[in-house]
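A structural walkthrough
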Amino acid sequence: MNFEVNEITSSVAQSARDFANQYIKLHVMEWDESQEFPVHIFKELGKLGMMGVLVPEEYGGSGLSYFEYSAVIVEIARICGSIGLSVAAHNSLCTGHILTFGNEEQKKKYLPKLATAEHIGAWGLTEAGTGSDAGNMQTTAIKDGNDWIINGTKCWITHGKSSDVAVVICRTGEPHAKDSATAFIVDRYTPGFSAGKKENKLGMRASETAEMVFDNCRIPDTNRLGEVGAGFKQSMKILDGGRISIAALSLGIAKGAYEASVKYSKERHQFGQPIANFQGIAFKLADMATEIAAAELLINQACDLKLRGLPVTKEAAMAKYYASEVAVKVATDAVQVYGGYGYTKDFPVEKFYRDSKLCTIGEGTSEIQKLVISREVLK
């Protein structure tokens, strides 16, 4: 394995870091408190090519690899997990699904606008009663001539209200039957497609999470992604890449919390010396640094496999599982390092603490990751 970061990845990471420090950092708590989804920020990220990192240049994207994509998410999440989450969901889920499974006509129609963030994307798999049990989805698509009629509600959807286009996985067969789901592209202003409840969340509050409601929503068959019945298999492949995204998001949050802890431990004095001099604090920092390094190596391994077109299901799940749990642990210890100040909104670590927990839940809980990993190792 080559541990040297190449020039392109380093340059992209620096651009993302500079953007986050200049345009995001000052507004983090403002957006968090108001739960504002700052669409204008994503438009600016689109101009820099960061909303279509993996999209080939011929479709208006940056044409870069998962290493650069991961770097973008890490650097943004170091400052704000919410913005990092939305960048990840837009790139890897909606855009990624069309890029991977769309036909040439669909790619030419949707990818240029998604890659530049002229359009914001959403991806709908989860439902209220079928979180991890996605095979039991109740949202249906019924064929009617050359059209499909969609009915049902998707929940916990990033950009469920503000997106311009959504990829939606619907049941086109019997519940739990093999090959019973199909993916469709649905434009926002299609009659019968509306936004439902916007969630009031613990963390990631500037990343919009809302229901998508379909009431006799009629779309043409040309909006179908791939073969009828292939939707669930497509989703599992998309989630492999999505889990690398959430691993990178977790790593960014962990790095942000760690760096804040190191800085504070040098500035905060007790008993006539910096608290960094005390083993109780220094050992926490040592654990943080070690676990962050291990998470980063797992992510790089998954990115390398993805880049080479090799199977990545196990490694993506490992990276997501470990990095997300590390993010929670590091953020928790960061609050402890800050003491009472860490429990206030005047310092950054309480937000890292709140944001980190979502990483162990979204795109497959830690328990689901262990299920995926165990199935792979027992094959």
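Keep in mind it's a predicted model, so treat the numbers as computed, not measured. (Residues numbered from 1 in each chain as written. Predicted model: local features only at pLDDT ≥ 70, side-chain atom pairs only at ≥ 80, totals over all residues. Heavy atoms only, no water.)

The next subject is the pairing of strand 7 (residues 209-220). Note: strand 3 (residues 147-158) against strand 7, 9 bridges, orientation antiparallel. By the bridge assignment, Lys154 is partnered in strand 7 with Met212. Judged from the 4 bridges that link them, strand 6 (residues 193-198) and strand 7 form a sheet pairing that is antiparallel. Looking across to strand 7, one finds that Phe193 is bridged to Phe214. (Pairing = 2+ DSSP bridges. Helix = DSSP H or I, 4+ residues; strand = E, 2+ residues; numbered from the N terminus.)

Before going further, it helps to examine the pattern of salt bridges. Under the definition given, this model contains 22 salt bridges. Put simply, Glu199 and Lys197 hold a salt bridge, and the shortest N to O gap is 3.5 Å. The salt bridge partner of Asp333 is Lys329, with a shortest N-O separation of 3.4 Å. Of this pair, Asp333 and Lys329 both sit in helix 9 (residues 313-338), 4 residues apart, which is roughly one turn of that helix. Under the relative-accessibility criterion, Lys329 is labelled partly exposed at 35%. Salt bridges linked by common partners bring Arg17, Glu75, Arg78 and Glu259 together as one network. (Salt bridge = Lys/Arg side-chain N within 4 Å of Asp/Glu carboxyl O. Buried < 20%, exposed > 50% of the residue type's maximum accessible area, 1.4 Å probe, protein only.)

With that out of the way, let us pick up the environment of Ile24. With respect to the secondary-structure elements, Ile24 resides in helix 1 (residues 7-24). Setting aside anything within four residues of it in sequence, one finds Ile24 in contact with Phe19, Trp31, Ile41, Ile76, Ile79, Cys80 and Ile83. (Contact = heavy atoms within 4.5 Å.)

What follows covers the nonpolar core. Where a protein is soluble and globular, its nonpolar side chains tend to be buried together. Ile24, Phe42, Leu45, Val72, Ile83, Val87 and Leu249 are the most contacted members of the largest nonpolar core, which has 69 residues in total. Among residues more than four places away in sequence, those in contact with Leu249 are Ile73, Ala77, Gly81, Gly84, Leu85, Met204 and Cys359. Within the second largest apolar cluster, 23 residues are counted, among which are Tyr59, Cys94, Leu111 and Ile169. (Core = buried A, V, L, I, M, F, W, Y, C linked by side-chain atoms within 4.5 Å.)

Right, let's get into the packing of aromatic side chains. Going through the model one piece at a time under the given rule, you end up with 10 aromatic pairs. For the pair Phe19 and Tyr23, a centre-to-centre distance of 4.9 Å together with 40° between the ring planes defines the contact as tilted. Within this pair, Phe19 and its partner Tyr23 are both found in helix 1, separated by 4 residues, close to a single helical turn. On the basis of relative accessible area, Phe19 is assigned to the buried category, the value being 4%. (Phe/Tyr/Trp six-rings, centres within 6.5 Å; stacked < 30°, edge-to-face > 60°.)

Residue placement: Glu296 occurs in helix 8 (residues 279-307). Among all residues touching Glu296, those that are not within four sequence positions of it are Leu251 and Lys255.

Time to look at the side chain of Asp333. On the accessibility criterion, Asp333 (14% relative accessible area) is buried. Look past the residues within four positions of Asp333 in its chain and what remains in contact with it is Lys284 and Met288.

Considering only enclosed or pocket space, the largest pocket measures out at about 1300 Å³ in volume. Surrounding the largest pocket, 41 residues form its lining, Thr126, Ile361, Gly362, Glu363 and Gly364 being those nearest its centre. When contributions to the lining of the largest pocket are tallied by element, the ones reaching two or more residues are helix 5 (81-101), strand 1 (121-124), strand 3, helix 7 (231-267) and helix 11 (366-377). Broken down by element, the lining of the largest pocket gets its largest block of residues, 6 residues, from helix 7. Partitioning the lining of the largest pocket into residue classes produces 19 nonpolar, 13 polar and 9 charged. (1 Å grid on protein atoms, 1.4 Å probe; cavity = no way out; pocket = protein on both sides within 12 Å on 5 of 7 lines; lining within 4 Å. Points joined across faces, edges and corners; volume = space filled by probe spheres on them. Nonpolar A, V, L, I, M, F, W, Y, C, P; charged D, E, K, R; others polar.)

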